[in-house]
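In case you want the letters, here they are:
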Amino acid sequence: MGDLLLVRHGETEWSMSGRHTGSTDVPLTDNGREQARRLGPLIARHHIAAAFVSPMRRARETAELAGIGRAHVDADLREWDYGGYEGVTTVEIHRERPDWFLFTDGVSPGPPEHPGESPDEVGARAERVLARIDAALSESEGSVVVVSHGHFLRVLTARRLGLSAGSGALFQLATGTMSRLSTEHRRHVVAGWNVRPDAYCSHDFLSSVGEGAEEH
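Thresholds applied
Residues numbered from 1 in each chain as written. Predicted model: local features only at pLDDT ≥ 70, side-chain atom pairs only at ≥ 80, totals over all residues. Heavy atoms only, no water. Helix = DSSP H or I, 4+ residues; strand = E, 2+ residues; numbered from the N terminus. Rg over C-alpha atoms; globule rule 2.2 N^0.38 Å. Buried < 20%, exposed > 50% of the residue type's maximum accessible area, 1.4 Å probe, protein only. Contact = heavy atoms within 4.5 Å. Areas by Shrake-Rupley, 256 points an atom, 1.4 Å probe, with all protein chains shown as cover. Lys, Arg positive; Asp, Glu negative; His and termini not counted. Charge placed at Lys NZ, Arg CZ, Asp CG, Glu CD.

Visitor: Can you walk me through the overall build of the protein chain in this structure?
Guide: On a plain count of helices and strands, the protein chain comes out with seven helices and six strands. Scanning the protein chain from its N terminus toward the C terminus, one meets helices and strands in the order β-α-α-β-α-β-α-α-α-β-α-β-β. For 216 residues, the compact-globule estimate of 2.2 N^0.38 gives 17 Å, and the C-alpha radius of gyration of the protein chain, at 16 Å, lies within 12% of that figure. Taking all 216 residues of the protein chain together, the buried fraction comes to 52%. Of the contacts formed within the protein chain by residues at least 6 apart in sequence, a portion of 66% connects residues at least 24 apart. Carbon together with sulfur atoms contributes 49% to the accessible area of the protein chain, which is approximately 10,000 Å² in total. With 23 positive and 31 negative side-chain charges, the protein chain shows a separation of 3 Å between the mean positions of the two kinds.

In structure tokens form, the structure reads like this:
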């Protein structure tokens, strides 16, 4: 079975300012576009059997600039529905809820079209995505790449490793990075994490988290 490559989209104005960005379709910054372009050679090292991308513009643009062709748009790859916390920073939330933590507490209710999601609800979406990924991996040789969002990819990783959705808190993830989930003795493992193109070398490694890794 091939690997699962996880790409977090490039930088946006909201990711820079720490605003929770779920349904708001903000574009990449110029730096975010450059991050996406630089991912191309890193992804090209792998034989890609299938690609999936979030419907949000920031993810689709990242996939295009990184040279990921024929990516299937999958609505389940969208970011966490932040409900009433859409566009709000963690600092602002902590003024009213000092102990609030997304991965355990979820979000406050939002409008009917974006009511918000609990960690388990995001985990259920991740399970559906993983089922489609496994189907793609079983049908052809090669790896599968997904282009999505920070918090969702952290939950996806946790579920891939058999952990609870809330355990996504353990996997900090920066914009414009690629991570690799593989197998060892038929068990899912992290083979490379938070890898920036400028830090990549010929062997696989667990990169340092680096700056700019806060998730929104």
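Visitor: Explain the side chain of S179 to me, please; I cannot follow it from the model alone.
Guide: As for its placement among the helices and strands, S179 is situated in strand 5 (residues 178-184). For S179, the residues in contact, after removing those within four places along its chain, are L4, L5, L6, L173, G192, W193 and N194.

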